[in-house]
Structures are given as structure tokens and as C-alpha cells.
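Given next are the chains, with one letter for each unit.
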Amino acid sequence: MNGLRKFIDNIKPQFEKGGRFSYLQSTFDAFETFLFVPNHTTRLGSHIRDYIDMKRTMSFVVIALIPTLLFGMWNVGYQHFLSMGESVTLWENFWFGFVKVLPIVVVSYGVGLGIEFIFAQIRGHEVNEGFLVSGMLIPLVLPPDVPLWMVAVATAFAVIIGKEVFGGTGMNILNPALTARAFLFFAYPQDMSGDKVWIAEHGDAMSGATPLGNLLTHQPLTTSASDMFWGFIPGSIGETSTFLILLGALFLIVTGVGSWRIIVSVFAGGFGLAAFFWAIAPYVAPDNAYMALQPWYHLIMGGFAFGAVYMATDPVTAAQTNRGKWIYGVLIGVMAVLIRVLNPAYPEGMMLAILLLNVFAPLIDHYVVEGNIKKRLKRIPVKA
Amino acid sequence: MSKKITIKKGFNIPLAGEAEKTITPIQAGHYAIKPIDFVGVFPKVLVHEGDKVQAGSALFFDKYRENIRFTAPVSGTVKEIRRGAKRVLLEITIEADDIPEYVDFGKANPTSLSREKIVEKLLQSGVWPFIRQRPYSVIANPADDPKAIFISGFDTHPLAPDYNLIVEGQGTDFQTGIDALKKLTSGIVHLNLQQETTPSPVFSNAKNVQINWIAGPHPAGNVGTQINKIDPINKGEVVWYLRPQEVITIGRLFNEGRFNAERIIALTGSEILKPHYIRTHLGATIAGMIRNNVNNGKVRYISGNALTGRKIDSIGYIGFYDSQVTVLPEGDYYEMLGWALPGVGKFSFSDAFPNFLNGKNKKYQLDTNMHGGHRAFVMTGRMEKVFPFDIYPLQLIKSIMVEDIDEMEKLGIYEVDEEDFALIEYIDTSKTEIQTIVRKGIDLMRKEMS
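Scoring rules and cut-offs
Residues numbered from 1 in each chain as written. Chains lettered and ligands numbered in written order. Predicted model: local features only at pLDDT ≥ 70, side-chain atom pairs only at ≥ 80, totals over all residues. Heavy atoms only, no water. Pairing = 2+ DSSP bridges. Helix = DSSP H or I, 4+ residues; strand = E, 2+ residues; numbered from the N terminus. Axes fitted to C-alpha atoms, helices over the stretch in contact; angles between N-to-C directions. Expected span 1.5 Å × (residues − 1). Bend = angle between axes of the 7 residues up to and from the residue. Buried < 20%, exposed > 50% of the residue type's maximum accessible area, 1.4 Å probe, protein only. Domains from an automatic or database assignment. Buried area = accessible area lost by both parts, 1.4 Å probe. Salt bridge = Lys/Arg side-chain N within 4 Å of Asp/Glu carboxyl O. Polar contact = N/O pair within 3.5 Å; in protein donor to acceptor, adjacent residues only side chain to side chain. Nonpolar A, V, L, I, M, F, W, Y, C, P; charged D, E, K, R; others polar. Patch = residues over 30% accessible without salt bridge, like charges linked within 9 Å, V, L, I, M, F, W, Y side chains within 5 Å. Areas by Shrake-Rupley, 256 points an atom, 1.4 Å probe, with all protein chains shown as cover. Contact = heavy atoms within 4.5 Å.

## Considerations on the sheet that holds strand β6 (residues 58-62) of chain B
All names here are of chain B.
- Across the sheet, three strands lie side by side as β4-β6-β7; this open sheet has antiparallel pairing. Of all the strands in the sheet, just β4 (43-45) and β7 (69-71) have a single pairing partner and so form its edges. Ignoring which end each strand starts from, the neighbouring axes of this sheet average 30 degrees apart.
- Taken together, the three bridges between β6 and β7 define a ladder with antiparallel strand orientation. Residue pairing across strands places F61 opposite R69, the latter belonging to β7.

Structure below.
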């Protein structure tokens, strides 16, 4: 450890202003602070500071995502061999998926972090850790068969247009990972929807549609609720297992990294509207399969749970006031179900619901804060 | 109408090094008044190096409010008038006489004096600067009629001195001080005491005040929190506040007829070998207190507490408003993968550390390391957990950063002081210097409104 520290101290001057590699200062700083918490001491204000920092916070979100990633890898293999009509061992399933998914993760991180480092250097900033999470989220919301060049283009689009043009981490309006997905969805719909893309190297032994997609084509729902809950269904890499997503949610809530208000309210909003539709379905639209769906199915199908736990909770793009978070969460759940049910041309409502509410989050906060301001004004005694 | 209030948001930082409840008298020898302690004051010096002064002799006054004078806390010789960059006056130091001499301001009973007489006496003796006001947290304006005066009878900062011990046996002076303050306002004098502890009879027997009972963790003891919960400040209103020891100094001025700046301060912190209380005078140097009483290694000396105090050097002087010295280890070291390790034994407000493994009563040796690099604001909902005001802290901070005066006013800048944001700064994931930002906002507001 001391040797490593000495080595870093030795080469550090070359990366500082005037050094040979000063154009790599942000990059050097990112790696140095990755290895060592810096020796900076407090100057002004409080003399002591909490141990919590952005690295720990962000790395906890990544930890919460790892179960879904590992399961996603296995499931990619499982669905592939299932569609071929073959049955193989757990490790063969996992290995197939690993080989499929790892390149997507590598491309997402490589492209995204590369751009982040360049922007940090141009701005003379330290590299923010936000992309550690985005870079993991992007692969998890993509179909396993997505071409790698699309991952690269979408990531670049999300980081540059979705984030850096607004000023970088903390300033963006839309969730970067969802921006990447939305970009692909609208630019290359044939690779992002339908029933061909959700199973890697799809065989012919079964249809490749997701349960959500099945309903669209008026086919009966053949998947059991338990398969959907545990995740043995085709879909985006990380979104299938509601169980592991809830496990991640528990971890985020217990460690205080994710907002329980948002997670709970998204599920509540979605369930509420789905229940309402379910109740009225026989009377208003008997042939709308989405409307007739029992409400809990909405929560375990598609990207609902994944979006609620990992996407809606992005603190930068969510509402920032506690009261605003409730409103924001409920509206996401409501919008997601609304889009699924009333616009059946597009079964996955979660992505658009979150992006829409990302845009409205500042407005929600505005009215919440305005309420506080009005309260303060009312306090002023009326002068006689 | 006494009020009972429970503060829920906030927490106490369990620092190691609490002062043992024994009081040792120390003749510090050297004392100083530091203009930097007085926000917004532009000092005009009245003495020269080598001048003889008595306790209560004027040292300087405020150029913008000439009636506000700052006087010597002890008698002796003006040793140094120390200036910094651009000739900014840093401190006026006094080498104390062996036998103290006092300027005689005349004994009086404040209940029989007029408001003008009381104000005049306070101004002349240099006791006035103890009285501060919200908004802006600056020395009060004698011409104002504050809607209330607040005295917080306890301090919840880390390792804060126990006011019950400090005021022991000084009930008469405390009461006289309150009687004088009562004359300065047409409103109420609030004395706020802690529900969880038994207050000294000096407090509980006080007359002429409304006693309010406050429960809960830090910042329950902050006067800003108490004002917000009891009688919040609206635009155009002024509230004055001071601390119990300062009330006692006012009382002594009337009972003894002199500026008796005797002080009891708590010497605290994990790096102090024998933390305890010290009887000395206002502005004393810490040199004698820390001699043979500090751990080896690099340490930081703080006048005040770990959250809001000011860094001083090992021969530095205690600030005008401080009754505490904290000595902490410096944190200028690298920690390998510190952010990734499980972090057992580290104290954190965040649940991303396994605090539950450490037990509830553990005291921690915390150092001055930032524990991370400066980042953009990302996390939300955390500040609100330690901020009991009915104010949106993040929104207020952002309005200050963009210097939006209207928004700052609407969001409640008049009610806050930087110390109210100290806990927010402590827990902040982005490592932003929030107290500095808030102070800038308050200063900006004050400039705009004058």
C-alpha cells in the first residue's frame, strides 16, 4: 500500500498543471481517488465531515444492480436454449449469457466513461461518479441481441445530449440511461421491439415475445405469474426478475441510497390505476387485454419494477422535495399503466412515463416549494 | 405562555473528548479581541501598541455604526495590533496586568433605569456586541425594538459546554441581565431550556422571562431552531439573541458597575489529554490551556465547536462568542479504497455504513479529512433529515448560489444563520462548503436591504 502510494506521489506532478500529461489530469485524479480517499482537509465551515461520499453512494447502486445483472446473464442463456428446445446446465446457460452481455456492459462503460473523462478535462472538473450507475443501467434495459454499435451510439447520445449539454452530472433533466433506451427505441424500432429481439439468437421452438408483447397480439397469456415474478421470461437483460429487483430495492432503501418514497409511490400509483381498469374492464372495453389484466400482473410484467426501483429514483431527475416525490412517483405508476392500457400500440409504458415525469419533476417541486412560500407569507401579521 | 417543543429532525454527533465537570482557573496572560468575530463590522482602532488599558477601555469602534464600541476584556498593555493582507485588522492583543483594573461604569438597578440609559451603558462598556440579531446574525442595532429576545439555555453542538455548570452560583447576575434585556424589548424575553436534563436553578428560577422547553437532538439548542419553532421571523421583523454567559456579563455590568469579562470555557476534543472546564477571561489565549495537555501528532485547534468553530493556532485566542475550545486530529492522510471498505467503526449519519455494529454509546475520534472529493449536488432528501426548520434547505442554498434575492427572501433567508446549516454541511455527500454559501447569501441580503 505504501509502495503504491509512493508510486502515485512520484508520478503525480507529471499530471498536474505544467506537467507532461496535464491534459490527463482529470483522468489521473479519477484513478487516484478511486484507489485512495484524498488527503484533503476541511478549510471553511464544519471541521469534521461524514464518511459518506459520492463514490460510496454510487457504488451502492451498482451493488444493488449486480444480482439483476448476473441473473440477466443466466436468463439470456436460459431463454436462448429454451427457444432452441434444448436443456443445458446452469453454467452453460450463464456462460452463453455472459458472452452475450459482457460486451454490451464493456461498450456502455467504455464509451460513456470516455466521454465523461473528456468533458471533465475540458471543464477542469473532477470526474463525477454518476456514470458508474448509468453505464450499468444502459445494458440492463436493452434487449440481449442489440448490436454493439447501437449501444455505443446510444450511450454517446445519452451522455452528450442527455447530460453534458446541460452542464454534466447533477444538471441533467432526463435520466441518461433511459435517454439511451429511448434514442434506440425511436431510431431503430425494429431492433428494440416486436417479438424477435428479446431472446438472443432466437430459435424456433417457441415465440420470442415477452408477456407484454403477447397481449398486444391478442394471444392468451401463457406465462405464469410466478415465472414473471422470478424472472424466467424473455425481456431486456436486467428487467425480468421482479424478485431480484425488489431485493435491490430493499438494499437501496435500507442503506438510504434510494428514495423509498418514490419506489413505494410508483408501485402504489401503478397498482391503483391497474385495479381501477380491471374493475371497469368488463363494462367499457371487454376486448382490451391490458385493461382486463389483474392489477398485480402490471407490476411484474415488462420494465415496471425495474423502472420504479432503479430509474425513477435517480435523485437528479426525480422530484427533489419529499412531498414532490410522492406526487412524482404516483404519476409515474399511473402514466405507465395508462400508456400500456390505453395506447396498446406501445406496450412498454414505463420508459415514457419516467421520461415524461422527469420533465415535470421541476414543476412539481415548484408547486411544493410555492406552498411553503405561501405559508411563510401568511404568517406575516396584518398591520392594523 | 410557556411552550413545549420537540425537535425530531437532526442528530447528535458522538465525538470523543467531553469535558470533565471540574473547573480550573487559569491566568492566560494574553488576551485578544478579533474583529473577524463581528460580521459586517469595519473596525476603527482607538489605541496604539504600548498603550495602557483598563478592562472596559475602548479598543476600536465600528466605522458604520460609531456608537458600537469594542472594549478591553482585561486591564494591561496593548501588545500588538496585528494586521493581515490589505491591512485588514486581525486582532488586538493585550498583555494582562497582575492586578486587574476596571473602568467604572457605575452600579445601577436596571429595573429603575430607562431604556436609553441601559442602552447607553451597554454601548459604553462594550457589552453591547454580545447582543446579536436575526436576520443576518450581526450585532443588534440599538435603535431597533426587537419583537422578542431569545436566550438558549443549552447547547447541543458536539462536546458543547454544559451551561448548567457554567452559570452555577451566578443567579443574581443572570437575573439582573434579564431585567436589563426585558427593558430593551416591547415583546417577550424567551429562555429556552432542555426537556431531557434538569436545568440549573439559575435558569428555572429566572423571572421576567417566558421559559420554553425544548426536546430533541442537535440543532435543538440552536437559537435559530428555537426562533423558527416559537416565534418565526417575518420580513421586516427583528429578533435579538444571546447566550447565558453573555446575559451574566450584562448582569455584572449593572451589579458591579464594570465590564467583568470572566468566562468559563470547556476544553474538549479527542486530542486533549484531560478535557475539563477552565475559568478565564474573554479572548484568552489557549497556549496555557493546552500546554502538556495535547496528544502527539498533528492536531487542529478550534475556537468553538467542531461544526461551527474557527481554526486557530496553538497560541491563538478564543473568539468573542465562544465558550469552547475543541482539539481534533488533522486528517491529511490518504485512505486506500476508503470509500469501498465496509467501514466498521466509522461513524456516519448515512446508513451506507454499518453503524449498528458499533453500539449506541460509542464515542468517536473524528478528524478533519473531507472523506471524499467535491461533487455536484446529486442526492436529495438528506438535508431535510437534519434540518428542523419549515424551510426547504436545498432550494434555499441553490437560490443563494445563483444570487436570486427575491427567491432567497421567499424561501426564508431571514430566519437562518450559517450555523443552522452546519449539520447539513457535515452530512453532505457532495462535500460542498454550505455554511460559507449561506453566509454569502446572508451578507448579500444585508447589503441589498441596507
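## Remarks on helix α3 (residues 54-83) of chain A
Residues and elements named next belong to chain A.
- End to end, α3 covers 43 Å across 30 residues, agreeing with the expected 44 Å (1.5 Å per residue, within 8%).
- At L65, α3 shows its maximal bend, which comes to roughly 35 degrees, and the proline P67 appears one to four places after that position.
- For α3, the tally of buried residues reaches 24 of 30 residues, placing the bulk of the element in the interior.
- Just beyond α3, the residue with positive phi is G85, at close to 80 degrees.

## Focus on the domain arrangement of chain A
- Assigned domains within chain A: domain 1 (2-35) and domain 2 (259-369).
- Look at where the C-alpha atoms of domain 1 of chain A and domain 2 of chain A centre, and you get two points 46 Å apart.

## Brief notes about the domain arrangement of chain B
Residues and elements named next belong to chain B.
- By domain assignment, chain B separates into domain 1 (4-13 + 28-256), domain 2 (262-358) and domain 3 (383-449).
- For the pair domain 1 and domain 3, the two sides together bury roughly 2100 Å², of which 57% comes from carbon and sulfur.
- The largest contributions to the domain 1 side of the interface with domain 3 come from K9, Y136 and K235, which together make up 28% of the buried area.
- Joining domain 1 to domain 3, the criterion identifies four salt bridges.
- Joining domain 1 to domain 3, the criterion identifies ten residue pairs in polar contact (both at pLDDT 80 or more).
- Split into classes, the residues belonging to the side of domain 1 that touches domain 3 amount to eleven nonpolar, nine polar and five charged.

## Considerations on a nonpolar patch on the surface
All names here are of chain A.
- Judged by side-chain polarity, I160, I161, V165, F166, M171, I173, L356, V359, F360, L363 and Y367 come together as a nonpolar surface patch covering roughly 990 Å² of accessible area.
- At five residues, helix α16 (residues 350-379) tops the list of elements feeding residues into the nonpolar patch.
- The class of L356 is partly exposed, set by a relative accessible area of 35%.

## Notes on the interface of chain A and chain B
- Listed as interface residues are 60 residues of chain A and, on the opposing side, 76 residues of chain B.
- Counting each side, the surface lost to burial between chain A and chain B is near 6200 Å², with a carbon and sulfur contribution of 56%.
- When the area that chain A buries against chain B is broken down by residue, the three leading residues are H47(A), R49(A) and Y51(A), summing to 15%.
- Ionic pairing is found between E415(B) and R379(A), a salt bridge with its closest N-O pair at 2.8 Å.
- Between the two partners, chain A and chain B, sit 37 residue pairs in polar contact (both at pLDDT 80 or more).
- Broken down by secondary-structure element, the contributors of at least two residues to the side of chain A that touches chain B are α1 (2-15), α2 (25-35), β1 (36-37), α3, α15 (322-342) and α16 of chain A.
- Of the residues contributing to the side of chain A that touches chain B, the split by class is 25 nonpolar, 19 polar and 16 charged.
- Alignment of β1(A) against strand β21 (residues 335-336) of chain B, held across two bridges, turns out to be antiparallel. Counted as the bridge partner of F36(A) is M336(B) from β21(B).

## Some details on the environment of R43(A)
- Structurally, R43(A) is set in the loop between β1 and α3.
- Overall, the relative accessible area of 59% leaves R43(A) in the exposed class.
- Once the C-alpha coordinates of R43(A) and L65(A) are considered, the two residues, 22 residues apart in sequence, prove to be 36 Å apart.
- At 3.2 Å, the side chain of R43(A) and the side chain of E433(B) are in polar contact.

## Focus on helix α3 (residues 171-182) of chain B
Residue and element names in this part refer to chain B.
- When the terminal C-alpha atoms of α3 are compared, their 16 Å separation across twelve residues agrees well with the 16 Å that a helix rising 1.5 Å per residue should span.
- The element α3 is largely enclosed, with a buried count of nine among its twelve residues.
- Those residues of α3 that sit buried are D173, F174, Q175, T176, G177, I178, D179, A180 and L181.
- On its buried face, α3 is in contact with α1 (115-125), β12 (148-152), β13 (188-194), α4 (201-204), β15 (239-242) and α6 (244-256).

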